[in-house]
Amino acid sequence: MSLRRLPLLFVACIVLVLTLNLTGCAKERPAEHAANVYASQELAAAPPHGNLPDYSLSPADLAKAQHLSTVHETLHFGNEAWGILSLLLLLGFGAIAWMRNTAVKVSSNRWAQGYVFLLLYLIAGALLSLPVDLYAQHLSLKYGLSVQSWPSWFGDQAKAFALTWIIGGLLLMLLFWIIRKLPRTWWFAFWCVSIPIVLFGIFVAPYIEPIFFKYQPLEKTNPALVAQLEQVVERGHMNIPPERMFLMSASAKLTTLNADVEGFGASKRVVVWDTTIAKMTPDEIVFVFGHESGHYVLGHIGSTLVFTFAILFVTFYLGFFFVQWAIAKFGARWGVTSQNDWAALAVLLLAFSLFGILLEPIESTYSRMHEHAADVYGQEAVHGLVADPQAAAVGAFNVLGKTSFADPNPDPLYEFWTYSHPSIGRRAAFGKAYNPWIPGMEPKYFKK
Ligand SMILES: [Zn+2]
C-alpha cells in the first residue's frame, strides 16, 4: 500500500478506536445512569461557582475557590496564547535564526550544534514563561497549596530544565536525522519511532519521579493500611502485590492530595501521596485506592497509550504539512531556510502548540471518561469493606476538593475543554447517588 493512503487508513482506525471506547462508556447501567442524572440535576440547580448540597465550602474558602478558578481559567488560556505568540515573536524578530547561527558558529559537529541550539531555545522559553510560573507558584504559596521554599522550587525548575535539555536533545538529533534521510515521510517514520520512545518513557517515569519526590514502599510506612488495601485487591481478583504499592512524600512540597497509577509492565505501581493518608479517614483512603486500582484493572494505561499514538499520528501528519507551508510562506522572513534547518524546530513546535489547543477538549473528554469509570469501579470495589461506600466517596471528594479549593460548580465549557477529571462537585454528587446494590440495580464491574 502506498504511503499516501496510510493517513486515511489511520484516521479510520482512530475513529474506530474512539467509537469503541466511547460506546464502552455509553453502556451505562441503570444505577450509573440514575446517579449521573442526579449529579447533573444537582449541578444545574446550584448557582455558577456556588456550593452544592454534596460538596460545599465555607464562605471564606468558597471565595478563595472562586478567585482561584478565575485565575486558573485566565492563566490556562493566557499561557496557551502566550506560547504561540512568543514563538511567533521569536521567529518574527529573527531570534530563532540567531540561535541557529550561533549554534552553527560554535561547532561543525551536528551534536554540538543541536544541543547548543536547543539550550538557547529552552533558555528563551524559560525566560518568557518565568513571570507566569513565578506568579502561579506565588499564588500556590499564598493559598497554602504549596509549602515548598523558593530555593527548592528553583532547584526543581533547574532539574526539569536539565532533563528536558538532555532528553530533548536526543529526540532533536533523532528527528533531524530522520528528516534528512526521509524528507517526505519523516512524519510517519518519526511517529513509528515515537511508539517505543513513549513506552520507554512511561516505563522509566517511576524511576525519574524520585528526583522530585521521595518514594517508599507503602508496606514499610503503613503496614496496617496495606493489609486493608490488599482486601480491595483480593475482592477485585487483581494482581497488585504489596511491593507495587508506594508512598510518595508529597508533604515536603505540597498540601494537596493525590494518588495515581504509574509505570508500565514491570514498573507498573499504585502511588498514594502521604498528604492523602494524613487528611482522609481510613474508609476514604480505601475508596481512593479503589479508584486507582480501577485504572490498574481496567487497563487505562494501555488504552491511553493507544489513544495517545492516534493523537500523535494526527499531530505529526498535520505538523509535516504545516512546516512545508509555513517555511514556503514565511521562511524568508523568519530566516528559516528548510526543514533541515535547526530553526525549523520552532516552526514544528508552533504547529504542535496550535494543534494542541484544538485537540485539548478531545484529550480532556477521553481522560474524564476513564476517571468516571474508575470512580464507578472504586465505589463497587469497596462495597462490603467500608461501612458506607456512598459516604466514603462523598467524604473523599470533599477532602480532596477542600484541600485544593476546587470550584464546586465550574463553568461547563471550561470543564469540558480542560478538566482531566469530572469536577469534584459532580463526582461527589455521583458518589452520593451511586448505589447499584439496591434491589433492581446491578453493579457494572462486580457481581452482586
Ligand atoms: Zn483517577
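Described below are features of the structure shown in this document. The shown structure was predicted, so the numbers you read here are calculated from the model rather than taken from an experiment.

**Focus on the sheet that holds strand β3 (residues 259–262)**
Item 1. Within the open sheet, the four strands sit side by side as β1-β2-β4-β3. Their pairing is mixed. This sheet does not close on itself; its edge strands, each paired only once, are β1 (215–217) and β3. Within this sheet the neighbouring strands show an average axis-to-axis angle of 30°, counted without direction.
Item 2. Of the pairings in the sheet, the one linking β1 to strand β2 (residues 245–248) comprises three bridges and is antiparallel in character.

**Focus: the pairing of strand β4 (residues 269–273)**
Item 1. Most of β4 is tucked away: five of the five residues are buried.
Item 2. Side-chain alternation along β4 places Arg 269, Val 271 and Trp 273 on one buried face and Val 270 and Val 272 on a second face that is also buried.
Item 3. Here β2 runs beside β4; their pairing, made up of four bridges, is parallel. Within the sheet, the bridge partner assigned to Met 248 lies in β4 and is Trp 273.
Item 4. Of the pairings in the sheet, the one linking β3 to β4 comprises four bridges and is antiparallel in character. What sits directly across from Asp 260, in β4, is Val 271.
Item 5. Connecting β3 to the antiparallel partner β4 that follows it, the hairpin turn spans six residues, and Gly 263 within it adopts a positive phi of roughly 85°.

**Thoughts on the coordination of the zinc ion**
Item 1. Protein-derived coordination of the zinc ion comes from His 291 (NE2), His 295 (NE2) and Glu 371 (OE), at a distance range of 2.0 to 2.1 Å.
Item 2. Going along the chain, you hit the donors of the zinc ion in the pattern H-x3-H-x75-E. Here the residue His 291 and the residue His 295 both occupy positions in helix α11 (residues 282–297), the gap between them amounting to four residues, near one helical turn. For the pair His 291 and His 295, one class covers both residues: buried.

**Notes on the packing of aromatic side chains**
Item 1. One pass over the structure, following the stated rule, counts 31 aromatic pairs.
Item 2. The ring of Phe 446 has Arg 235 sitting right over it, with the charged end atom 4.9 Å from the ring centre.
Item 3. Lying across the ring of Phe 213, Lys 253 places its NZ or CZ 4.9 Å from the centre.

**Quick notes on the environment of Ile 285**
Item 1. Inspection of the secondary structure puts Ile 285 in helix α11.
Item 2. Not counting the four nearest positions on each side in its chain, Ile 285 is found in contact with Leu 225, Thr 276, Ile 277 and Met 280.

**What to know about the pattern of salt bridges**
Oppositely charged side chains can form a pair if their charged atoms are brought close together.
Item 1. As enumerated under the stated definition, the model contains seven salt bridges in all.
Item 2. Measuring nitrogen to oxygen at the nearest pair gives 3.8 Å for the salt bridge that ties Lys 159 to Asp 156. Of this pair, Lys 159 and Asp 156 both sit in helix α6 (residues 150–181), three residues apart, which is roughly one turn of that helix.
Item 3. Residue class for Lys 159 comes out partly exposed when judged on its relative accessible area of 36%.
Item 4. Take Asp 156: its relative accessible area is 12%, and that puts it in the buried class.
Item 5. Close ionic contact of Glu 415 with Arg 426 constitutes a salt bridge, the shortest N to O distance being 3.5 Å.

**Examining empty space enclosed by the protein**
Item 1. Here the structure, examined in full by the defined rule, presents one cavity of 30 Å³ or more.
Item 2. Put simply, the largest cavity is a space of about 50 Å³.
Item 3. Put simply, the parts of the chain that give the lining of the largest cavity at least two residues each are α6 and α13 (344–381).
Item 4. Of the residues belonging to the lining of the largest cavity, the class tally is eight nonpolar, one polar and no charged.

About the thresholds
- Residues numbered from 1 in each chain as written.
- Predicted model: local features only at pLDDT ≥ 70, side-chain atom pairs only at ≥ 80, totals over all residues.
- Heavy atoms only, no water.
- Pairing = 2+ DSSP bridges.
- Helix = DSSP H or I, 4+ residues; strand = E, 2+ residues; numbered from the N terminus.
- Axes fitted to C-alpha atoms, helices over the stretch in contact; angles between N-to-C directions.
- Buried < 20%, exposed > 50% of the residue type's maximum accessible area, 1.4 Å probe, protein only.
- Donors = N, O, S within 2.8 Å, 3.2 Å for Na, K, Ca; no water.
- Phe/Tyr/Trp six-rings, centres within 6.5 Å; stacked < 30°, edge-to-face > 60°.
- Lys NZ or Arg CZ within 6 Å of the ring centre and 35° of its normal.
- Contact = heavy atoms within 4.5 Å.
- Salt bridge = Lys/Arg side-chain N within 4 Å of Asp/Glu carboxyl O.
- 1 Å grid on protein atoms, 1.4 Å probe; cavity = no way out; pocket = protein on both sides within 12 Å on 5 of 7 lines; lining within 4 Å.
- Points joined across faces, edges and corners; volume = space filled by probe spheres on them.
- Nonpolar A, V, L, I, M, F, W, Y, C, P; charged D, E, K, R; others polar.

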